[in-house]
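Chain and residue survey
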4 protein chains.
Amino acid sequence: MTIPAESGTAAPAAGGSLFEKEYLPASTEGARYRWFRRIFHHDAPDERNFDLVLIAVILASVAVVLLDSVPAIKQRWHLWLYAAEWVFTLAFTVEYAVRLWVVKRPWRYARSFYGVIDLLAILPTFLSLLFPASTSFAVIRALRLLRVFRVLKLVQYSSEAGVLLDALQRSRRKIFVFIATLVTIVVIFGALMYVVEGPEHGFTSIPTGMYWAIVTVGTVGFGDIAPGTPFGRFVTSVLIVIGYSIIAVPTGIYTAELARSLQPRRRQVRCTECGLPDHEADAWHCRKCGRTLPHD
Amino acid sequence: MTIPAESGTAAPAAGGSLFEKEYLPASTEGARYRWFRRIFHHDAPDERNFDLVLIAVILASVAVVLLDSVPAIKQRWHLWLYAAEWVFTLAFTVEYAVRLWVVKRPWRYARSFYGVIDLLAILPTFLSLLFPASTSFAVIRALRLLRVFRVLKLVQYSSEAGVLLDALQRSRRKIFVFIATLVTIVVIFGALMYVVEGPEHGFTSIPTGMYWAIVTVGTVGFGDIAPGTPFGRFVTSVLIVIGYSIIAVPTGIYTAELARSLQPRRRQVRCTECGLPDHEADAWHCRKCGRTLPHD
Amino acid sequence: MTIPAESGTAAPAAGGSLFEKEYLPASTEGARYRWFRRIFHHDAPDERNFDLVLIAVILASVAVVLLDSVPAIKQRWHLWLYAAEWVFTLAFTVEYAVRLWVVKRPWRYARSFYGVIDLLAILPTFLSLLFPASTSFAVIRALRLLRVFRVLKLVQYSSEAGVLLDALQRSRRKIFVFIATLVTIVVIFGALMYVVEGPEHGFTSIPTGMYWAIVTVGTVGFGDIAPGTPFGRFVTSVLIVIGYSIIAVPTGIYTAELARSLQPRRRQVRCTECGLPDHEADAWHCRKCGRTLPHD
Amino acid sequence: MTIPAESGTAAPAAGGSLFEKEYLPASTEGARYRWFRRIFHHDAPDERNFDLVLIAVILASVAVVLLDSVPAIKQRWHLWLYAAEWVFTLAFTVEYAVRLWVVKRPWRYARSFYGVIDLLAILPTFLSLLFPASTSFAVIRALRLLRVFRVLKLVQYSSEAGVLLDALQRSRRKIFVFIATLVTIVVIFGALMYVVEGPEHGFTSIPTGMYWAIVTVGTVGFGDIAPGTPFGRFVTSVLIVIGYSIIAVPTGIYTAELARSLQPRRRQVRCTECGLPDHEADAWHCRKCGRTLPHD
């Protein structure tokens, strides 16, 4: 269930294509094609309306799952919630079937990230018929919440998401280096606090110390574990100052990349001589061969 | 009581116009017009003085409400606070009446966001005469604090607020996409922790888990609910690292937009001699060849 | 004891001048002038060495005050700390006297921000001779820590501090608008939580609610007061998302201003025709009159 | 064991060179040279493969140390963990010996930052043979975790780390000024809270107050110490607003520096025909007149 890597899409800035492969319709005419467009395209008014209805239904079904987990509400409204859950499940099952029907290679869709999400979002309700509800069943029921990813998928088609994802993509490797550095700091400080404070102040093992170090360096600070000795507090202070200083790093990376995305566009005109496609906005001559560039 | 959408204002950068419609005076001469200018304009010295006095009075009346809620102070100074409250309420009532008197379409003002605020800020004190003070009455009394919005309204007229709001406006949609992503993460992690930790560690329902996830990913970390199992702590660590990485996103969005706002505007006019297309906003001559630039 | 406003200094970017007025020497020759240079200038090697020694002595004296407040340490080492305190106090007294001796208008120095700091840093030790040590005396003794400001003063002379302060100066008014907005949010949410949660969950008054709102929106989250009702937790979640979104604002303001400070310099050459002094880095002709600019 | 300062390296942007000196091979042919390249170079495929295997082994050995500190796991799997620890220690010992063998000046490597790390990472296991395991021995065993630095070293060779470190290097002095300001604030507020709240609310000494001030201004907020008096809460609110405002400073510094690093390098060469001075790094012809640009 990995996020499929992009291969050969023309417009990576479109954002949506980052997570969803481009599918071909099984048929190019009739109801089957109309439904393909409604489900897989997001530009024409009726395609957008379908998306909005879908988002509303998904959010309503997520709300039902959330409310069903609150003991006081479940006790009182359980029958209504149960009925609503079946209505939503059947609606999503129909939608899932339609998706497989309209797409050219259904099996490829079924194995994709969102295909698996779609299936996992409807399976638990059907499974509840087969198995009696046990406490361990809560895990499977919670899977229905994966529907929320489908909202995310639709949001990703906006051009805003495109710009944001684009900048994230480009800062991906720098953020990986940053996280590697962070983990090193967390291991060192987690072990240090385990040695300094010991089990009597809650640092029962090095992994526990690492959990505390992450909570601290991420400026969350639950306070479930806190240093008790003067030296432990000094180490904590050092860790906080380090955290405070390096919190700038991911922000810096992302801001710099985003600022680049928002910068004034260059002239995308191909030199007739040497074919260089990308020039400064005020260029008249190709910087490589000196030939006059064609007007836009 | 929604914030009215802007329609057809010439200068959106003025900031104040974002929240307050532009009102026409009921009369263009005499005391009525003078008061209109004093209340609705914010440029001439005496208009600015009126604003400063108003801010001082609003802050004083807010302070009275705040102090009145502290049991120890209320017991001792209640009579004074009660008297001050009536002085402020009468002053605001007079001001509200003057506003309705000087404006051309009083009903339109009364229904606007700030018109409703003005009314809600004086009503509770009058209502306290009609009804005996009960505990549920605290809710209505607290409405008086809505006065504080009026300070915000006046602050918004400064050009600084204009630049800030302008950048917020432009990053509005990107921040919406960001919050949608955040909510998805919160739902997934809230449900995960509900399943992993369960009611015995305070995760009594999925909404409670979501509250915990927001408190954690927002780096607040009250510690009223905290993970107790090793796997729960691992999930928490992952959530914190995610939160730490994406805290960069709104900052990046806003900084990039604000940097654009603060950049000196340039004249995009092409020099007839050498063709240089990009000049400073106040340029008359091309900086390269000295030729007079054409008018826009 | 207000920070003196700047008036007519040629180089505001120098940073240090932001906080310290420029003093004239009482004499321009002999030992008196040499000490004036040592104390008030920060460029030549021996002036810098004096600064470094001063920083070391200040930090040592601050350490003595800190250690003296720890009961366990005070009990054991009190005599040594007491002796060290007197050595430092006498040294600072001599330095204070020398400052007044070498400067042209000693009274003006004595009334300045750092002049008052210098006095307050030595007075408590002398006062301890006059009055027997009482518990309320702790307040006065703590004043000695104001010495730490003197380290800050010396750091401010570096050009790095100049750039940072310069950007802070320019973003001053925007940050004020931001804080006004923040305070409005805090008042509204503080009152809301007071009404929703009430004294039984620790929200004993609206000011207490505001304290909680600041702790929450500032992502500190001590957890000494935390919401207990489902609706209170929902309000908290909204407040955290607001806090998470607007944390971007001061960062955005400051980053944008700082980026402007670090931007490539313009050509500071005066047009021989019209006298315009500030041009783009690549300008050959004056953008106002078209005259060829002189070479640097 | 200080991090060696860089002296005379040609490419500071390479990142790795910031922490590791450049070593010369003891021999330039045969197995000895092949191993030198495998260990000290990071470009060719087999050199990269060696790095990846090394990272995997280091991470596995770190995991063993972490698991060994969890009482429940240690009790059950101690024998396996003990065996694994010896396998890793022997492997690292062989690697350490090979490093000393292939390098020209082994002693210089042994004294370097990473040379010391390498030694400290293998010593504890051997020492455990000499001394019986005591509780104080936990400190020495924790030293084995210093191996994690070796992962960091390898990560630093990527060009991404180069850019990040480069920007950190350049913002180093500004961040130092910032931390000096932060420490001043912490001292002042720590002492203030010690005076205001006193030992009964947990502020037992000024250093404890400073620990609390760092936890607060860094927005961590454990809640192990929290203000109890109204005035203490007011001071806390002021401190949080200050912290919220200045959190922007390191982010601003770093973002501005990083944005400079990411800007495409430009050629500052003046066109002999039209005089345009600023071109893209890869330009051969002037983009305005098409003339061949002179070589630098």
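Procedures and definitions
Residues numbered from 1 in each chain as written. Chains lettered and ligands numbered in written order. Predicted model: local features only at pLDDT ≥ 70, side-chain atom pairs only at ≥ 80, totals over all residues. Heavy atoms only, no water. Helix = DSSP H or I, 4+ residues; strand = E, 2+ residues; numbered from the N terminus. Buried < 20%, exposed > 50% of the residue type's maximum accessible area, 1.4 Å probe, protein only. Contact = heavy atoms within 4.5 Å. Areas by Shrake-Rupley, 256 points an atom, 1.4 Å probe, with all protein chains shown as cover. Buried area = accessible area lost by both parts, 1.4 Å probe. Salt bridge = Lys/Arg side-chain N within 4 Å of Asp/Glu carboxyl O. Polar contact = N/O pair within 3.5 Å; in protein donor to acceptor, adjacent residues only side chain to side chain. Nonpolar A, V, L, I, M, F, W, Y, C, P; charged D, E, K, R; others polar. UniProt positions renumbered as here; feature names shortened; annotations may be inferred. Domains from an automatic or database assignment. pLDDT = per-residue confidence, 0-100. Phe/Tyr/Trp six-rings, centres within 6.5 Å; stacked < 30°, edge-to-face > 60°. Least-squares fit on C-alpha atoms with pLDDT ≥ 70 in both. 1 Å grid on protein atoms, 1.4 Å probe; cavity = no way out; pocket = protein on both sides within 12 Å on 5 of 7 lines; lining within 4 Å. Points joined across faces, edges and corners; volume = space filled by probe spheres on them. Axes fitted to C-alpha atoms, helices over the stretch in contact; angles between N-to-C directions. Left-handed = near helix turned anticlockwise from the far one by under 90°. Expected span 1.5 Å × (residues − 1). Patch = residues over 30% accessible without salt bridge, like charges linked within 9 Å, V, L, I, M, F, W, Y side chains within 5 Å. Bend = angle between axes of the 7 residues up to and from the residue.

1. Quick notes on the overall build of chain A
Looking only at helices and strands, chain A features 11 helices and zero strands. When the helices and strands of chain A are listed from N to C terminus, the series reads α-α-α-α-α-α-α-α-α-α-α. Out of the 296 residues in chain A, the part that is buried amounts to 51%. The contacts in chain A between residues at least 6 apart in sequence include a share of 54% that link residues at least 24 apart. Of the roughly 14,100 Å² that chain A leaves accessible, carbon and sulfur atoms contribute 66%.

2. Examining the interface of chain A and chain D
Counting from both sides, the interface comprises 54 residues of chain A and, opposite them, 57 residues of chain D. A buried area of about 4,800 Å², summed over both sides, lies between chain A and chain D, and 69% of it is on carbon and sulfur atoms. The interface formed by chain A and chain D includes zero salt bridges. Here chain A and chain D share one residue pair in polar contact (both at pLDDT 80 or more) between them. Secondary structure elements with two or more residues in the side of chain A that touches chain D: α8 (159-196), α9 (206-217), α10 (230-246) and α11 (248-262) of chain A. Residue contributions to the side of chain A that touches chain D peak at 11 residues, all from α8 of chain A. A per-class count over the side of chain A that touches chain D returns 27 nonpolar, 17 polar and 10 charged.

3. Some details on the side chain of Glu 95 of chain B
Residue and element names in this part refer to chain B. With respect to the helices and strands, the residue Glu 95 is situated in helix α3 (residues 71-102). Residue classification places Glu 95 among the buried residues on the basis of a relative accessible area of 9%. If we ignore the near neighbours within four places in the chain, the residues touching Glu 95 are Leu 54 and Arg 150.

4. Regarding the UniProt feature "transmembrane region" (unreviewed entry) in chain A
Residue and element names in this part refer to chain A. What UniProt calls "transmembrane region" (unreviewed entry) maps, in this numbering, to residues 50-67, 79-101, 113-140, 175-196 and 234-256. With 100% helix and 0% strand, residues 79-101 has end C-alpha atoms that lie 33 Å from one another. Secondary structure over residues 234-256 splits into 96% helix and 0% strand, and the C-alpha atoms at its two ends are 34 Å apart.

5. Brief notes about the domain arrangement of chain A
Domain boundaries in chain A define domain 1 (18-155), domain 2 (172-250) and domain 3 (267-296). Between domain 1 of chain A and domain 2 of chain A, the C-alpha centre-to-centre distance is 40 Å.

6. What to know about the confidence of the model for chain A
All names here are of chain A. Averaged over every residue, the pLDDT of chain A is 80; the share at 70 or more is 85%. Residue range residues 1-19 is modelled with pLDDT below 50. Its contacts to residues more than four positions away, or to other chains, number 34 contacts. Across the interfaces of the predicted complex, the ipTM metric reaches 0.81, alongside a pTM of 0.83.

7. Regarding the packing of aromatic side chains
Residue and element names in this part refer to chain B. Tallying each qualifying case throughout the model produces 40 aromatic pairs over all chains. Residues Phe 113 and Phe 149 carry aromatic rings whose centres are separated by 5.9 Å and whose planes lie at 75° to one another, so their mutual orientation is edge-to-face. Placement of Phe 113 in helix α5 (residues 113-130) and of Phe 149 in helix α7 (residues 148-155) is noted, with a sequence separation of 36 residues between them. Look at Phe 113 and you get buried, because its relative accessible area is 10%.

8. Quick word on the side chain of Thr 236 of chain A
With respect to the secondary-structure elements, Thr 236 of chain A resides in helix α10. Relative accessible area serves as the criterion here: at 0%, Thr 236 of chain A is assigned to the buried category. Excluding residues that lie within four positions of it along the chain, Thr 236 of chain A makes contacts with Met 193, Trp 212, Thr 216 and Pro 227 of chain A together with Tyr 211 and Phe 222 of chain D.

9. Section: the relation of the copies chain A and chain D
Expressed as a screw operation, the relation of chain A to chain D combines 0.8 Å of axial shift with a rotation of 92°, fitting to an RMSD of 2.9 Å. Taken together, these values place the two copies in the relation of a four-fold axis. If distances are taken from each C-alpha of chain A to the rotation axis, the shortest is found for Thr 255 of chain A, at 3.2 Å.

10. Focus on empty space enclosed by the protein
Applying the stated rule across the entire model yields 11 cavities of 30 Å³ or more. Each pocket or cavity is described by its volume, and for the largest cavity that value is around 160 Å³. Forming the boundary of the largest cavity are Thr 219, Ile 247 and Thr 251 of chain A, Thr 219, Ile 247 and Thr 251 of chain B, Thr 219, Ile 247 and Thr 251 of chain C together with Thr 219, Ile 247 and Thr 251 of chain D. When grouped by side-chain class, the residues that make up the lining of the largest cavity number four nonpolar, eight polar and no charged.

11. Looking at the packing of helix α2 (residues 45-68) of chain C against helix α3 (residues 71-102) of chain C
All names here are of chain C. The geometry of α2 relative to α3 is characterised by a closest axis approach of 9 Å and an angle of 145° between their N-to-C directions. Judged by the sense of rotation from one axis to the other, the crossing of α2 with α3 is left-handed. Across the interface between the two elements, Leu 54, Val 57, Ile 58, Ala 60, Ser 61, Val 64, Val 65, Leu 67 and Asp 68 of α2 pack against Ile 73, Lys 74, His 78, Leu 81, Ala 84, Glu 85, Phe 88, Phe 92, Glu 95 and Arg 99 of α3. Looking at side-chain class alone, the contact of α2 with α3 contains 12 nonpolar, two polar and five charged residues.

12. Some remarks on the packing of helix α1 (residues 30-40) of chain B against α3 of chain B
Residues and elements named next belong to chain B. It is the contact of α1 with α3, at a shortest axis distance of 9 Å, that shows an interaxial angle of 115°. At the point where α1 passes α3, the crossing takes the left-handed sense. For the pair α1 and α3, contact is made by Arg 32, Trp 35, Phe 36, Ile 39 and Phe 40 and by Val 98, Arg 99, Trp 101 and Val 102, respectively.

13. Examining helix α10 (residues 230-246) of chain D
Between its first and last C-alpha, α10 of chain D extends 25 Å over 17 residues, near the 24 Å set by a 1.5 Å rise per residue. Where α10 of chain D is concerned, the buried positions are Gly 232, Arg 233, Val 235, Thr 236, Ser 237, Leu 239, Ile 240, Gly 243, Tyr 244, Ser 245 and Ile 246 of chain D.

14. Details of unusual backbone geometry
If a residue is not glycine, its phi is most likely negative; likewise, a peptide bond is most likely trans. The phi angle at Thr 219 of chain B is positive, at roughly 60°, despite the residue not being glycine. Mapped onto the elements, Thr 219 of chain B comes out in the loop between α9 (206-217) and α10 (230-246).

15. Looking at the pattern of salt bridges
Residue and element names in this part refer to chain A. By the definition in use, this model includes 41 salt bridges over all chains. Here Glu 85 and Arg 144 are joined by a salt bridge, their closest N and O atoms 3.3 Å apart. You can see Glu 85 sitting in helix α3 (residues 71-102) and its partner Arg 144 sitting in the loop between α6 (137-142) and α7 (148-155), a full 59 residues away along the chain. Grouping residues by exposure puts Glu 85 and Arg 144 together as buried. One connected set of salt bridges, linked through shared partners, spans Glu 95, Arg 99, Asp 118 and Arg 150.

16. Thoughts on a nonpolar patch on the surface
Residue and element names in this part refer to chain A. The grouping of Tyr 82, Leu 90, Phe 126, Leu 129, Leu 130 and Phe 131 at the surface amounts to a nonpolar patch, some 620 Å² of accessible area in total. Sorting the residues of the nonpolar patch by element identifies α3 and α5 (113-130) as the ones contributing at least two each. When residues in the nonpolar patch are grouped by element, the largest group, three residues, is from α5. Considering the arrangement of structural elements, one finds Leu 130 in helix α5.

17. Examining the environment of Ile 140 of chain A
All names here are of chain A. Positionally, Ile 140 belongs in helix α6. Between the C-alpha atom of Ile 140 and that of Leu 127, which follows or precedes it by 13 residues, the distance is 8.7 Å. Setting aside its immediate chain neighbours within four residues, Ile 140 contacts Pro 124 and Leu 127.

18. Concerning α5 of chain B
Residue and element names in this part refer to chain B. The end-to-end C-alpha distance of α5 is 26 Å, a good match for the 26 Å that 18 residues give at a rise of 1.5 Å each. A bend of about 35° at Leu 123 is the largest found in α5, and the proline Pro 124 appears one to four places after it. Every buried residue belonging to α5 is among Phe 113, Tyr 114, Gly 115, Ile 117, Asp 118, Ala 121, Ile 122, Pro 124 and Thr 125, and all of these are buried.

19. Topic: the environment of Met 210 of chain A
Looking at the secondary structure, you find Met 210 of chain A in helix α9. Given the relative accessible area of 17%, Met 210 of chain A is considered buried. In contact with Met 210 of chain A, not counting residues within four places along its chain, are Val 186, Val 187 and Gly 190 of chain A together with Leu 66 of chain D.

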